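Below, each chain spelled out in residue letters.
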Amino acid sequence: MSEIVFLVEEAAEGGYTARALGESIFTEADDLAALKIAIRDAVKCHFDDAESRPQVIRLHCVRDEVIAA
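Residues numbered from 1 in each chain as written. Predicted model: local features only at pLDDT ≥ 70, side-chain atom pairs only at ≥ 80, totals over all residues. Heavy atoms only, no water.

S.K.: Before we move on, can you summarise the pairing of strand 3 (residues 26–29) with the specific residues and values?
M.R.: Judged by which residues are buried, strand 3 turns out to be one-sided: T27 and A29 face inward and are buried, whereas F26 and E28, on the alternate face, are not. Here four bridges tie strand 2 (residues 16–20) to strand 3, and the two strands are oriented antiparallel to one another. For R19, the partnering residue across the bridge sits in strand 3 and is F26. Between strand 2 and strand 3, which pair antiparallel in sequence order, lie five residues; one of them, G22, sits at a positive phi of approximately 90°. (Buried < 20%, exposed > 50% of the residue type's maximum accessible area, 1.4 Å probe, protein only. Helix = DSSP H or I, 4+ residues; strand = E, 2+ residues; numbered from the N terminus. Pairing = 2+ DSSP bridges.)

Here it is in structure tokens:
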């Protein structure tokens, strides 16, 4: 695996969540800087072997916004 993609969303109670697509990895943090660190740590924990670990972590940030019509 050369890369892994995370879906990043704002949490309703504040902060951010990140869920890997195709892997069972989930993490959360109060801000984006802390989330990036948490994602790296989660990927390292999930893939024990450095050879099987993705070389690139891609973040797909989704922002749900409502505006008046």
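Resuming the write-up.
S.K.: Describe the side chain of T17, naming the residues involved and giving the relevant values.
M.R.: Note on placement: T17 falls in strand 2. Under the relative-accessibility criterion, T17 is labelled buried at 15%. Once you skip the residues sitting within four places of it in the chain, T17 turns out to touch L7, V8, E9, A11, F26, T27, E28 and L35. (Contact = heavy atoms within 4.5 Å.)

S.K.: Quick rundown of the sheet that holds strand 4 (residues 56–62)? Include the residues and the values.
M.R.: Within the open sheet, the four strands sit side by side as 3-2-1-4. Their pairing is mixed. Edge strands, defined here as strands with exactly one partner in the open sheet, are strand 3 and strand 4. Strand-to-strand twist across the sheet, computed as the mean angle between neighbouring axes with direction ignored, equals 25°. Strands strand 1 (3–10), strand 2, strand 3 and strand 4 of the sheet are contacted by helix 1 (residues 32–46), whose axis makes an angle of about 155° with strand 3. (Axes fitted to C-alpha atoms, helices over the stretch in contact; angles between N-to-C directions.)

S.K.: Break down the pattern of salt bridges for me, with residues and values.
M.R.: A full pass over the atoms with the stated rule returns two salt bridges. When the shortest N-O distance is used, the salt bridge between E3 and R58 registers 3.0 Å. One end of the pair, E3, is in strand 1; the other, R58, is in strand 4, with 55 residues separating them in the sequence. For E3, a relative accessible area of 31% corresponds to the partly exposed category. Linking R63 and E65 is a salt bridge whose minimum nitrogen-to-oxygen distance equals 3.6 Å. (Salt bridge = Lys/Arg side-chain N within 4 Å of Asp/Glu carboxyl O.)

S.K.: Describe in detail the environment of A34, supporting the description with residues and values.
M.R.: Assignment of secondary structure puts A34 in helix 1. The exposure class assigned to A34 is partly exposed, which follows from its relative accessible area of 32%. C-alpha separation for the pair A34 and G15, spaced 19 residues apart in sequence, amounts to 9.8 Å.

Just distances and angles here, no functional claims.
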